[in-house]
Amino acid sequence: MLTVRAPATSANLGSGFDVFGLALSAPADVVRVEKAPETTIEVTGAGSQYIPTDPAKNTAGVVAQELDAPARIHIDKGVRPASGLGSSAASAAGAAVALNALYDRGHSDEELVRAAAEGEAVVSGAAHADNVAPAIVGGFTIARADGITSVDASLPLVVCLPDIVVSTRDAREVVPETVAMDDVVETVGSAATLAVGMSRDDPSLVGRGLQESVVTPARAELVRGYDEAKQAALDAGATGVTISGAGPGVLAVCRRPDDRRRVAAAMVSGFDEAGVDARAYQTAV
Ligand code: HSE
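Residues numbered from 1 in each chain as written. Predicted model: local features only at pLDDT ≥ 70, side-chain atom pairs only at ≥ 80, totals over all residues. Heavy atoms only, no water.

### Examining the overall build of the protein chain
Part 1 of the argument: A count of helices and strands for the protein chain gives 10 helices and 10 strands.
Part 2 of the argument: The C-alpha atoms of the protein chain give a radius of gyration of 18 Å, which matches the 19 Å a tight globule of 285 residues would have.
Part 3 of the argument: Burial status across the protein chain gives 54% buried among its 285 residues.
Part 4 of the argument: Within the protein chain, contacts between residues separated by at least 24 positions form 73% of all contacts whose residues are at least 6 apart in sequence.
Part 5 of the argument: With the model as given, the accessible surface of the protein chain reaches about 12,100 Å², and the carbon-plus-sulfur share is 47%.
Part 6 of the argument: Averaging the positions of the 23 positive and the 37 negative side-chain charges in the protein chain gives two centres separated by 5 Å. (Helix = DSSP H or I, 4+ residues; strand = E, 2+ residues; numbered from the N terminus. Rg over C-alpha atoms; globule rule 2.2 N^0.38 Å. Buried < 20%, exposed > 50% of the residue type's maximum accessible area, 1.4 Å probe, protein only. Contact = heavy atoms within 4.5 Å. Areas by Shrake-Rupley, 256 points an atom, 1.4 Å probe, with all protein chains shown as cover. Lys, Arg positive; Asp, Glu negative; His and termini not counted. Charge placed at Lys NZ, Arg CZ, Asp CG, Glu CD.)

Structure (C-alpha cells):
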C-alpha cells in the first residue's frame, strides 16, 4: 500500500489559458493505492458524493488503465470538485505518481503528466495538462504540446471559493473562438510578465501578468460576485486577481504572507455583497 498527497492547483493564471499552472500548498487530496487484479475506486471527503467511482469515468481510474496498473484506489478529497482548483487533476496526478511507484515503473514526470492528462480528458473533454503538470512537478509550470517547463516559485496567495457550481464543460463553452490582434498582443505581454515574475518571486509582476481580456471576462459572467470580490481584493492590497482554472474559485496574489488574512476577508465580503456565500483559503505556491 502506498499513499501520496496530491495538491490543489490553479490553472490559466489569466494570460496562460490552458498553459500556465501553479501547485498550491493547500488544500490537497490524499490518494492511497494497493495492487489488485482489477481497478476499484473509493472516494471520501469534500464533495465525494459527486465523484463517479466507475474506473472508466473517474480520472484516477483512467490513469490506472493508461499505466496498465490495476489497483484498489482510495481517494480522500481535500479539493472540492467543480471549484476551479484542479480537483479531478489532483486525483489523476496522485494516482499517476502513486501507481508509478507501486508498480516500480520508472516513468518520467512528463510521461506521468501525459497519463494524468488522459484522466482529465474524461472530465473536461480535453486532455489539457495545465492542472496535472503542477500537481506532479510542483511550482509554476508551463505545459505545452512539446513538454513541460517549471519554475520553483514562492508567492503568498488567497483562493476564494464561492458557493456556486460552474462545470468545466460549461466554462469552456463560453470561451470565444476567435481573438482580436489587440487582445493577442495584450495576452502575450501579460504572459511574459507573469513568467518573469514567477522566476523572480515578484508579486507585482505576477499580479500584472494575470491581466487578459478574452477568456476571463467571458467566464466572469458565470461567477456571480466575481467583480465585487476582485475589487475588494485589490482594495485590500492584492497585486492581481483572476479566475482560478475554469472557476468559480478566484485567485488573488498577495505582496506579503501577512496580507493574506486581509485579502481573504475582503474577498469573502465582496461575494457577500453580491449575495453569494464564499470561503477563502490562505495558501501559497
Ligand atoms: N485550462 C482549463 C480551463 C483548466 O480553463 O478550462 C480547467 O480544468
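### Some words on the pairing of strand S7 (residues 156-162)
Part 1 of the argument: Of all the 7 residues making up S7, 7 are buried; the element is thus mostly covered by neighbouring parts of the structure.
Part 2 of the argument: Where S7 lies against strand S9 (residues 250-253), 4 bridges are found, and the strand directions are antiparallel. Bridged to Leu-157 within S9 is Val-253. (Pairing = 2+ DSSP bridges.)

### So, the site of the ligand
Part 1 of the argument: Contacts to the ligand come from Asn-12, Phe-17, Asp-18, His-128, Asp-130, Asn-131, Thr-168, Arg-172, Arg-219, Gly-245 and Ala-246.
Part 2 of the argument: Within the side chain of His-128, a nitrogen or oxygen atom sits 3.4 Å from an oxygen atom of the ligand.
Part 3 of the argument: When the ligand sits alone it has 260 Å² of accessible area, and the protein chains cover 94% of it.
Part 4 of the argument: When atom positions are compared with the pocket grids, the ligand is found to occupy the largest pocket.
Part 5 of the argument: Considered class by class, the residues forming the shell around the ligand number 2 nonpolar, 5 polar and 4 charged. (Near = heavy atom within 4 Å. Polar contact = N/O pair within 3.5 Å; in protein donor to acceptor, adjacent residues only side chain to side chain. 1 Å grid on protein atoms, 1.4 Å probe; cavity = no way out; pocket = protein on both sides within 12 Å on 5 of 7 lines; lining within 4 Å. Sits in = over half its atoms within 2 Å of the grid points. Nonpolar A, V, L, I, M, F, W, Y, C, P; charged D, E, K, R; others polar.)

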